[in-house]
Amino acid sequence: MNSLLFVCLGNICRSPTAKAVFDYKLAQAEMPLLTDSAGTGDWHIGKPPDPRSQAFARAWGVDISAQRARRICAADFDRFDRIYAMDRSNLADIQAMASPGCRARIDLVMSLAPEYGIEEVPDPYYGGDTGFQRVIDMLSEAADRLIEELQQPRK
Ligand code: 4NP
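From a predicted model like this one, the values you see are computed outputs, not experimental measurements.

Enquirer: It is not clear to me how unusual backbone geometry should be interpreted in this structure. Could you clarify?
Expert: With glycine set apart, most residues show a phi of negative sign, and most peptide bonds adopt trans. Positive phi, normally seen in glycine, also occurs at Asn11, with a value near 60 degrees. With respect to the helices and strands, the residue Asn11 is situated in the loop between strand 1 (3-8) and helix 1 (14-28). The buried category is assigned to Asn11, whose relative accessible area is 2%.

Written out as structure tokens, the structure is:
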């Protein structure tokens, strides 16, 4: 397992934050993996992350300003070992694009942290600031759980 793709709707709020939070935690754990983010929608292709996501990420300690939105494409399903969707709508859209037998295992990102008790990372785009912080808190928890999984001796 060496590559992860994070997917949301616009690729300007949740998934760029996910990439940065996972990159930060994986680097701390000395487990660098190939990561990227993408969106299922095409409205923001080529745009930097939402300024609110940039500000909350910066306050948490990561810089997401250089990321640019792109749309998930067919090649992603064989380029990445795991594709993590932020919510059930993203998951359904991704599953509808996947070809049978593709490399990627596709799941909700919060499936990594079932004890958190919330299955979907809520879309913060139309909400207030608390939504952006919550995205970071949830993804930070999911990243910790993934690192624990990867640190388990292989069965
Ligand atoms: P994201 O948030 O999926 O976390 O990037 C959104 C950003 C933009 C839109 C929707 C969700 N939009 O409709 O433009």
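On we go from here.
Enquirer: For this particular structure, what's the right way to read the site of the ligand?
Expert: Surrounding the ligand, one finds Cys8, Leu9, Gly10, Asn11, Ile12, Cys13, Arg14, His44, Asp123, Tyr125 and Tyr126. Leu9 places a main-chain nitrogen or oxygen 2.9 Å from an oxygen atom of the ligand. One nitrogen or oxygen atom from the side chain of Asp123 is found 3.2 Å from an oxygen atom belonging to the ligand. Protein burial of the ligand: of its 350 Å² of free accessible surface, 93% is covered by the chains. The residue inventory of the shell around the ligand, partitioned by class, reads 6 nonpolar, 3 polar and 2 charged.

Enquirer: Looking at this structure, how should I read the packing of helix 2 (residues 51-60) against helix 5 (residues 129-151)?
Expert: Packed helix pairs are specified by the crossing angle of their axes together with the interaxial distance, meaning the distance between the axes. Viewed as axis vectors pointing N to C, helix 2 and helix 5 meet at an angle of 50 degrees, and their least axial separation amounts to 10 Å. Put simply, helix 2 runs oblique to helix 5. Note that helix 2 runs across helix 5; the crossing there is right-handed. Along the contact surface, helix 2 presents Arg52, Ser53, Phe56, Ala57 and Trp60, while helix 5 presents Asp129, Phe132, Gln133, Ile136 and Ser140.

Enquirer: Could you clarify how one ought to interpret the side chain of Asn90 in this entry?
Expert: Within the secondary structure layout, Asn90 lies in helix 4 (residues 88-97). What makes Asn90 buried here is its relative accessible area of 2%. Ignoring any residue separated from it by four or fewer positions in sequence, one finds Asn90 in contact with Val7, Cys8, Leu9, Arg14, Thr40 and Ala85.

Enquirer: Mind showing me how you'd approach the environment of Ala75 here?
Expert: Relative to the helices and strands, Ala75 is located in the loop between helix 2 and helix 3 (76-79). Sequence-wise, Ala75 and Cys102 are 27 residues apart; in three dimensions their C-alpha atoms are separated by 9.6 Å.

Enquirer: Teacher, can you tell me more about the packing of helix 1 against helix 5 here?
Expert: One way to put it is that helix 1 packs onto helix 5 with a least axis distance of 9 Å and a crossing angle of 45 degrees. The angle between helix 1 and helix 5 places the two elements in the oblique class. Crossing of helix 1 against helix 5: the hand is right-handed. Residue-level contacts link Arg14, Thr17, Ala18, Val21, Phe22, Lys25 and Leu26 of helix 1 to Val135, Ile136, Leu139, Ser140, Ala142, Ala143, Asp144, Leu146, Ile147 and Leu150 of helix 5. Class assignment for the residues of the contact of helix 1 with helix 5 results in 12 nonpolar, 2 polar and 3 charged.

Calculation notes
The residue numbers shown here count from 1 along each chain, following its written sequence. In keeping with the model being predicted, local features are shown solely for residues with a pLDDT of at least 70 and side-chain atom pairs are shown and tallied solely at 80 or more, while totals for entire chains, interfaces and linings include all residues. Only hydrogens and water are set aside when side-chain values are computed; all heavy atoms of the structure are taken into account. Per the convention used, a helix needs a DSSP run of H or I reaching at least four residues, while a strand needs a run of E reaching at least two, with both numbered from the N terminus. When accessible area is computed with a 1.4 Å probe and restricted to protein chains, residues below 20% of their type maximum are described as buried, those above 50% as exposed, and intermediate ones as partly exposed. Residues are labelled near a given molecule or strand when at least one of their non-hydrogen atoms is within 4 Å of it. Identification of polar contacts relies on pairs of N or O atoms within 3.5 Å, with a donor-acceptor requirement for protein atoms, meaning one able to donate a hydrogen and the other able to accept it, and with residues adjacent in sequence counted only if both atoms are side-chain atoms. Throughout, the Shrake-Rupley method with a 1.4 Å probe supplies accessible areas, and for residues the shown protein chains are the sole cover considered. Note on residue classes: Ala, Val, Leu, Ile, Met, Phe, Trp, Tyr, Cys and Pro are nonpolar, Asp, Glu, Lys and Arg are charged, and everything else, Gly too, is polar. As a rule, the C-alpha atoms of each element are fitted with a line to give its axis, helices using only the stretch in contact, and angles between N-to-C directions run from 0 to 180 degrees. Any angle that is under 35 degrees is reported as roughly parallel, and any over 145 degrees as roughly antiparallel; angles of 65 to 115 degrees are reported as roughly perpendicular and all others as oblique. Less than a right angle of anticlockwise turn of the near helix away from the far helix marks a crossing as left-handed, whereas a clockwise turn marks it as right-handed. Residue contacts follow a heavy-atom distance rule, with two residues in contact if any of their heavy atoms lie within 4.5 Å.

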